Every structure is written in structure tokens, then in C-alpha cells.
Amino acid sequence: MDMSGAVVIFTATGSEEDALRIGRALVSEGLAACVNVIPSARSLYRWKGVLCDEREALLLIKSRRDLFSALRERIRSLHSYELPEVIMLTVQDGDETYLEWIRTATRRAGSGTENP
């Protein structure tokens, strides 16, 4: 579908408090319609040659494709990690009413206002 332009962006933080701080900023600034915070994810990854096994908070961010660049930069500016995960997945289909809500709950690209 992708007519809605809806996307889901993933990022993970070192604490639930950091996740909530980032999530609140993204929603209050109109970059995201909704942010789900999953407080206890376990992440296994290799960083600078070392295998890491960490507890993280996972954010599932619902937004629009045209806001991704601004959203990515805002996550980078708020994040405590040297290299934060910022991965976007395109929503292929979904409930039309919910997808419309994502569009109207987020700001117009390049502005600080919500869509009409």
C-alpha cells in the first residue's frame, strides 16, 4: 500500500528513562504520532570487536516517511549512544483510520505544525 507513507522506526536506549525522554520529545514535536516503549529488551551485538549482551529499552516509533530525515537527526541529537540504531520499516498496509491518524497527528514536513 504505502499510499499513507506510514513507517515504523526502531531505536534502542540504555534505559527506560532515556527511551521515555526521547519518545516524549518526538511526539511533542510532531515527528511521531505514537511511540511505544518496551522497557526490557535484551540485545546481543558486536561493538568495537567485543560481543555485548545488554538490557535496553526498545522504542517503536510510528511516523511518516517524509519526516524520517528530521526524525533521524532528532534521535541522534537526543541519544546517548555513539551510534544509535535508527531503522525505518515501511508500513505496507494497515487499518485505514489508524494510518490517517498517523498522518494527521504528525507535523507537515518542514514545519512545526500538525497537518490540517
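Rules of the game
Residues numbered from 1 in each chain as written. Predicted model: local features only at pLDDT ≥ 70, side-chain atom pairs only at ≥ 80, totals over all residues. Heavy atoms only, no water. Phe/Tyr/Trp six-rings, centres within 6.5 Å; stacked < 30°, edge-to-face > 60°. Helix = DSSP H or I, 4+ residues; strand = E, 2+ residues; numbered from the N terminus. Buried < 20%, exposed > 50% of the residue type's maximum accessible area, 1.4 Å probe, protein only. Pairing = 2+ DSSP bridges. Axes fitted to C-alpha atoms, helices over the stretch in contact; angles between N-to-C directions. Contact = heavy atoms within 4.5 Å. 1 Å grid on protein atoms, 1.4 Å probe; cavity = no way out; pocket = protein on both sides within 12 Å on 5 of 7 lines; lining within 4 Å. Points joined across faces, edges and corners; volume = space filled by probe spheres on them. Nonpolar A, V, L, I, M, F, W, Y, C, P; charged D, E, K, R; others polar.

Observations regarding the packing of aromatic side chains
Using the criterion set out here, one finds one aromatic pair in the structure. Centroid distance tyrosine 98 to tryptophan 101: 5.4 Å. Interplanar angle 40 degrees. Geometry classified as tilted. Taken as a pair, tyrosine 98 and tryptophan 101 lie in helix H3 (residues 96-105) at a separation of three residues, close to a single helical turn. Note on tryptophan 101: relative accessible area 36%, which makes it partly exposed.

Let's talk about the sheet that holds strand S2 (residues 34-47)
With antiparallel pairing, the four strands of this open sheet are ordered in space as S2-S3-S1-S4. Pairing within the sheet leaves two strands with one partner each, and these edge strands are S2 and strand S4 (87-90). For this sheet, the mean inter-axis angle between neighbouring strands, taken without regard to orientation, is 30 degrees. Here strand S1 (residues 6-13) pairs with S4 via four bridges, running antiparallel. Bridge pairing links valine 8 to leucine 89 in S4. Of the strands in this sheet, S1, S2 and strand S3 (50-64) touch helix H1 (residues 16-28), which is tilted by about 130 degrees from S2.

Section: unusual backbone geometry
You will see that lysine 48, though not glycine, has its phi angle at about 50 degrees, which is positive. Examined against the element boundaries, lysine 48 turns out to sit in the loop between S2 and S3.

A few points about the layout of surface pockets
The computed volume of the largest pocket comes to approximately 250 Å³. Lining the largest pocket we find Ala12, Ser43, Leu44, Tyr45, Arg46, Trp47, Glu56, Tyr81, Glu82, Leu83, Pro84 and Glu85. Ranked by residues supplied to the lining of the largest pocket, first place goes to S2 with five residues. By residue class, the composition of the lining of the largest pocket is seven nonpolar, one polar and four charged.

A closer look at the pairing of S2
Pairing analysis gives 12 bridges linking S2 to S3, with the strands arranged antiparallel. When the sheet's bridge partners are listed, isoleucine 38 is paired in S3 with leucine 58. Remark: two residues form the turn of the hairpin made by S2 and S3, two consecutive strands paired antiparallel; lysine 48 in that turn has positive phi of roughly 50 degrees.

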